[in-house]
Amino acid sequence: CNKCFGAPVPVGSTDELLHYLQSSTLWPPIDKQRKGVSADNYLTVRKHHPPEHDEIWSLCQKLIHKVVPDAVYNALAITKMFRGSPHVDNHDKTLQHVLAIGDFDGGFLCTEANDDGTETFCIDVKDRFGRIDGRNVHWVSAWSGERYSIVYYSTSDDHSTKPVPQIVHNQWMASKCKRTTVPQRIYSVTNTNLPK
């Protein structure tokens, strides 16, 4: 798996959102959550949402605008302790941005880079925005700790784009990393945080 880094968020900028999610009462009852998803909690928030979702939408919007002010999305998939097997988001119309927050190790966003699955990329999205096309096979690698994730995506035909190779998204993430002084996570042969 080829490792790369998502676009870093400013230090401390995820604190408010993390505290909100840790104390949130917005999570739907388990029987009302998305079927077939392995997570402690799963919440979908749409652009046009009921008033009780105003604060979570605002917190997520404020955060992505710090790093990706031109991000296109009309919905958020917010999860607690998501464990993702390979899947495709068939209703997506364009690329998605993914952020993971919390005290955890591992939990890389992985995606196939080509149609035959012979090349994959594992993106470090801890306090970083990864960018992939959810219409390609993707998953989350093993992790330990407490992990929350936010996926910014669009199902609107108005936002429709053609898929591009993952390397294009990797170049975008790399360009964002070059503009920051946030320290990179260190990888070595003894580091257990390496994706499997």
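Higher on the page you've got the structure.
**Student:** Looking at this structure, I do not really get the pairing of strand β12 (residues 148-153). What am I missing?
**Tutor:** When a strand is regular, its side chains alternate between the sheet's two faces. The element β12 is largely enclosed, with a buried count of six among its six residues. The pairing of strand β4 (residues 75-80) with β12 spans six bridges and is classified as antiparallel. Bridging from a neighbouring strand, T79 pairs with S149 of β12. In terms of strand pairing, strand β5 (residues 96-101) meets β12 through five bridges, oriented antiparallel. Across the sheet, V98 pairs through a bridge with V151, a residue of β12.

**Student:** Quick question: what am I supposed to make of the environment of V68 here?
**Tutor:** With respect to the helices and strands, V68 occurs in the loop between α2 (54-67) and β4. For the pair V68 and A7, spaced 61 residues apart in sequence, the C-alpha to C-alpha distance is 8.8 Å. Those residues in contact with V68 that lie beyond four places of it in its chain are H97 and W172.

**Student:** Before we go on, may I ask you to explain the nonpolar core in this structure?
**Tutor:** Soluble globular proteins: nonpolar side chains tend toward being buried together. One finds I78 and I150 to be the most contacted residues of the largest nonpolar core, which totals 44 residues. Broken down by element, the residue count for this core peaks at seven residues, all from α2. If we ignore the near neighbours within four places in the chain, the residues touching I78 are L21, W27, N41, Y42, L43, V45, I56, C60, S149 and I150.

**Student:** Would you mind showing me how to read the pattern of salt bridges here?
**Tutor:** Once the charged atoms of two side chains with opposite charge are near each other, the side chains can pair. For the structure shown, the criterion picks out three salt bridges. Here K62 and E16 are joined by a salt bridge, their closest N and O atoms 3.2 Å apart. In this pair, K62 is assigned in helix α2 and E16 in helix α1 (residues 15-22), connecting sequence segments 46 residues apart. Residue D157 is joined to K93 by a salt bridge in which the shortest nitrogen-to-oxygen separation is 3.3 Å. You can see D157 sitting in the loop between β12 and α3 (166-178) and its partner K93 sitting in the loop between β4 and β5, a full 64 residues away along the chain. You can call K93 partly exposed: its relative accessible area is 26%.

**Student:** For this particular structure, what's the right way to read the packing of aromatic side chains?
**Tutor:** How two aromatic rings sit relative to each other is given by the distance of their centres and the angle of their planes. Applying the stated criterion to the full structure yields three aromatic pairs. A centroid spacing of 5.5 Å and a plane angle of 45° characterise the contact between W57 and Y73, whose relative ring orientation is tilted. Of this pair, W57 sits in helix α2 while Y73 sits in the loop between α2 and β4, and the two are 16 residues apart along the sequence. Accessibility classification places W57 together with Y73 in one group, the buried group. Geometrically, the ring pair formed by Y73 and Y152 is edge-to-face, given 5.1 Å between the ring centres and 85° between the ring planes. In this pair, Y73 sits in the loop between α2 and β4 while Y152 sits in strand β12, placing the two residues 79 residues apart along the sequence. Taken as a pair, Y73 and Y152 share a single burial class, namely buried. Among the aromatic residues, those joined into a ring-pair cluster are W57, Y73, F129 and Y152. Against the face of W143 rests R83, its NZ or CZ located 3.9 Å from the ring centre. Taking the ring centre of F104 as reference, the NZ or CZ of R147 above it sits at 5.4 Å.

Criteria and cut-off values
Residues numbered from 1 in each chain as written. Predicted model: local features only at pLDDT ≥ 70, side-chain atom pairs only at ≥ 80, totals over all residues. Heavy atoms only, no water. Buried < 20%, exposed > 50% of the residue type's maximum accessible area, 1.4 Å probe, protein only. Helix = DSSP H or I, 4+ residues; strand = E, 2+ residues; numbered from the N terminus. Pairing = 2+ DSSP bridges. Contact = heavy atoms within 4.5 Å. Core = buried A, V, L, I, M, F, W, Y, C linked by side-chain atoms within 4.5 Å. Salt bridge = Lys/Arg side-chain N within 4 Å of Asp/Glu carboxyl O. Phe/Tyr/Trp six-rings, centres within 6.5 Å; stacked < 30°, edge-to-face > 60°. Lys NZ or Arg CZ within 6 Å of the ring centre and 35° of its normal.

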